[in-house]
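Remarks on the overall topology
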Amino acid sequence: MDPQYHDGTRPIGDTREMTGTTDLGRALHAWRDRTKPAEVGLPDDGGRRAPGLRREELALLAGLSVDYIVRLEQGRSTNPSPKVLSALARALRLATAEREHLFVLAGQAVPSAGQISDHVPAGVQRLLDRLTGTPLSVYDAAWNLITWNPLWAALFGDPPPSRGFGRNAVWWSFVAPPAGYPQAMSRQTGHRAAFVSDLRAASARYPKDAGLAALIDELRARSSDFAALWDAGVVGVHEPLTKTVRHASVGELTLDCDILAALGTDLRIMAFSAAEGSETAERLRLLDVVGVQALTGAGTDT
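In what follows, the accompanying structure is described.

Each value, and the rule that gives it
- Residues numbered from 1 in each chain as written.
- Predicted model: local features only at pLDDT ≥ 70, side-chain atom pairs only at ≥ 80, totals over all residues.
- Heavy atoms only, no water.
- Helix = DSSP H or I, 4+ residues; strand = E, 2+ residues; numbered from the N terminus.
- Buried < 20%, exposed > 50% of the residue type's maximum accessible area, 1.4 Å probe, protein only.
- Contact = heavy atoms within 4.5 Å.
- 1 Å grid on protein atoms, 1.4 Å probe; cavity = no way out; pocket = protein on both sides within 12 Å on 5 of 7 lines; lining within 4 Å.
- Points joined across faces, edges and corners; volume = space filled by probe spheres on them.
- Nonpolar A, V, L, I, M, F, W, Y, C, P; charged D, E, K, R; others polar.
- Core = buried A, V, L, I, M, F, W, Y, C linked by side-chain atoms within 4.5 Å.

**Here we look at the side chain of Glu57**
With respect to the helices, strands and loops of the structure, Glu57 is situated in helix 2 (residues 55-62). According to the relative accessible area criterion, Glu57 is buried, its value standing at 12%. With residues up to four places along the chain from it excluded, the contact list for Glu57 reads Leu42, Arg48 and Gly52.

Put into structure tokens, the structure is as follows:
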């Protein structure tokens, strides 16, 4: 056993912890070993005993505890949820076939074509990894937040917990925006109509997706504006927006917000940018340096 992965509870030469390793554990370990730190936006300090990611790094990328990663690899936890599996697939940059194999190994049903997918293809993820100077967030067909880059978190703060609809952008727009998330300064009505159109199109493509149906029901019940737009059958498209954030550490940033699509997927990529040479661009660069040190009280809406 590599001392790098030793948990300190047994002598290094003791291999008993591997006796319970499952196919799932072996696959996770192999995928972790093949994933180079630079591929996922992490520095390579050169002092690695193995070429791939450390368990701590995989845990950070997937939003899981190190102990849970250890238990999965050692076969002591064999029933990860679909959300956990999706997070691991994104962190390890798995291809679509590999992601499906991960679900099979974990004894979970492979997400079907009738359900909204939260899979971010490896190529799209690599692109996101490289755009470090632009706040980016990625959403599924129902506008559930899937992933985001560090600059997005530095700008808006960590997203709300994933339970309920706390990470849904349509919910933010019509019911309860999270603290620090900015509201559009222009064409707000058109932006909301586009959200409603997106959900209507998603419900036509995924009529059996229970999560989407529950979201629409709750939005209709909680927001009279959403219900009116839904019942009127409005059609809207996303246009460029200007959003302003007052950040506690770097001051006010006025940002262009563009929504991009990834061909072959239902993903929406929201990108925030500023004109080169502008005061906001300079403040973004400063925020990139400050990073997570300034997340507390990150922003306020204007």
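**Some thoughts on the layout of surface pockets**
Here the second largest pocket defines a volume of roughly 300 Å³. Lining the second largest pocket we find 16 residues, and of these Arg99, Ser117, His119, Gly264 and Thr265 sit closest to its centre. Grouping the constituent residues of the lining of the second largest pocket by class yields 6 nonpolar, 7 polar and 3 charged.

**Regarding the nonpolar core**
Within the largest apolar cluster, 38 residues are counted, with the highest numbers of intra-cluster contacts made by Tyr139, Val170, Phe174, Leu199, Leu219 and Phe226. Residues in contact with Val170, not counting those within four places in the same chain, are Ala142, Trp143, Phe195, Leu199, Leu219 and Phe226. Of all hydrophobic cores here, the second largest spans 21 residues; its members include Leu72, Leu85, Ala87 and Ala106.

**As for unusual backbone geometry**
We note that Arg93 has phi near 55°; this positive angle belongs to a residue other than glycine. Secondary-structure assignment places Arg93 in the loop between helix 4 (82-91) and helix 5 (96-105). Arg93 gets classed as buried once you look at its relative accessible area, which sits at 12%. Located in the positive-phi region is Trp143, a residue other than glycine, with phi close to 65°. In this fold, Trp143 is placed in the loop between strand 1 (136-139) and strand 2 (145-148). Look at Trp143 and you get buried, because its relative accessible area is 0%.

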